[in-house]
Each structure stands twice: as structure tokens, then as C-alpha cells.
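# Observations on chain architecture
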Amino acid sequence: LEVPPKTSSYLPKARGNGKPIYFSYAACGAEDEYTKGNEEACVNQDVESNCTKLEKCAWTGKQCLGKELVEVCSSASSLGLLGLLGAVAQLMA
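Residues numbered from 1 in each chain as written. Predicted model: local features only at pLDDT ≥ 70, side-chain atom pairs only at ≥ 80, totals over all residues. Heavy atoms only, no water.

### Examining the overall build of the protein
Regarding its fold elements, the protein presents three helices and six strands. Start at the N end of the protein and walk to the C end: the helices and strands fall as β-β-β-β-α-β-β-α-α. For the protein, the residues scored as buried account for 29% of the 93 residues in total. Considering only residue pairs separated by 6 or more positions, the protein has 27% of its internal contacts joining residues 24 or more positions apart. For the protein, the accessible surface area stands at approximately 6,500 Å², while carbon and sulfur atoms represent 55% of it. (Helix = DSSP H or I, 4+ residues; strand = E, 2+ residues; numbered from the N terminus. Buried < 20%, exposed > 50% of the residue type's maximum accessible area, 1.4 Å probe, protein only. Contact = heavy atoms within 4.5 Å. Areas by Shrake-Rupley, 256 points an atom, 1.4 Å probe, with all protein chains shown as cover.)

### Description of the packing of aromatic side chains
Across all of its chains, the model carries one aromatic pair by this definition. Ring centres of Phe-23 and Tyr-25 lie 5.6 Å apart, and the angle between their planes is 85 degrees; this geometry places the pair in the edge-to-face category. With relative accessibility at 22%, the residue Phe-23 sits in the partly exposed group. What makes Tyr-25 partly exposed here is its relative accessible area of 37%. (Phe/Tyr/Trp six-rings, centres within 6.5 Å; stacked < 30°, edge-to-face > 60°.)

### Description of the state of the cysteines
Under the defined criterion, the tally for this structure stands at two disulfides. With its sulfur 2.2 Å from that of its partner, Cys-51 forms a disulfide with Cys-64. A torsion of 80 degrees about the S-S bond marks the disulfide between Cys-51 and Cys-64 as right-handed. Within this pair, whereas Cys-51 is found in helix H1 (residues 48–51), its partner Cys-64 is found in strand S6 (residues 64–66), the two being separated by 13 residues in sequence. With relative accessibility at 0%, the residue Cys-51 sits in the buried group. Cys-64 sits in the buried class, given a relative accessible area of 2%. (Disulfide = S-S within 2.5 Å.)

### Points about the confidence of the model for the protein
Segments scoring low in pLDDT should not have their predicted coordinates read at a detailed level. On average, residues of the protein score 80 in pLDDT, and 76% of them reach the 70 mark or higher. Per-element confidence in the protein is highest for H1, whose mean pLDDT is 97, and lowest for helix H3 (residues 80–92), whose mean pLDDT is 56. (pLDDT = per-residue confidence, 0-100.)

Set out below in C-alpha cells:
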């Protein structure tokens, strides 16, 4: 996806198979209007210092995303497309 999935602020403590819930309007071809106004959304942190202040967020070196997404995808990035698909499957498992 061009727009990465985001942590759920509506259900911040919710888990699916023991992992945090993420959502993506982009996966369904829609635009996310809600996150634009959410000051605590990881994707709205434009510098590392603001990103790392939020427990649920992690800095990729370029942007702030959900911590689990960064950890799983960064470990799979060296494996190419198959590694990324495996990382997404791991998040969903």
C-alpha cells in the first residue's frame, strides 16, 4: 500500500491474535479523514523526537508509524517482496 496502515485510536488496547489492531482506508480505496486531525496519530509526527515520545510509535528513519509495523517490516525488508508479504502475514496472524 502507498499509505501504510495506522494504529487504531478507536480501539487502542484491542488485539487480534495477540497483536495490536491496525486499520487502512487506503486498502479499500478510501481516504482517511479521521487521522488528519488526530494529534497523537503516529503518522502525524513529522520528526523523530515527537514520534518516539508516543509509546505506540516508532521512527523508520523517514516517517513515524506504528511500532509493531516498523519492527516487523524492517526485519523483513532485507528479504524483498516475499519478506514483506511474510511480515504482513505475521502481523495478521
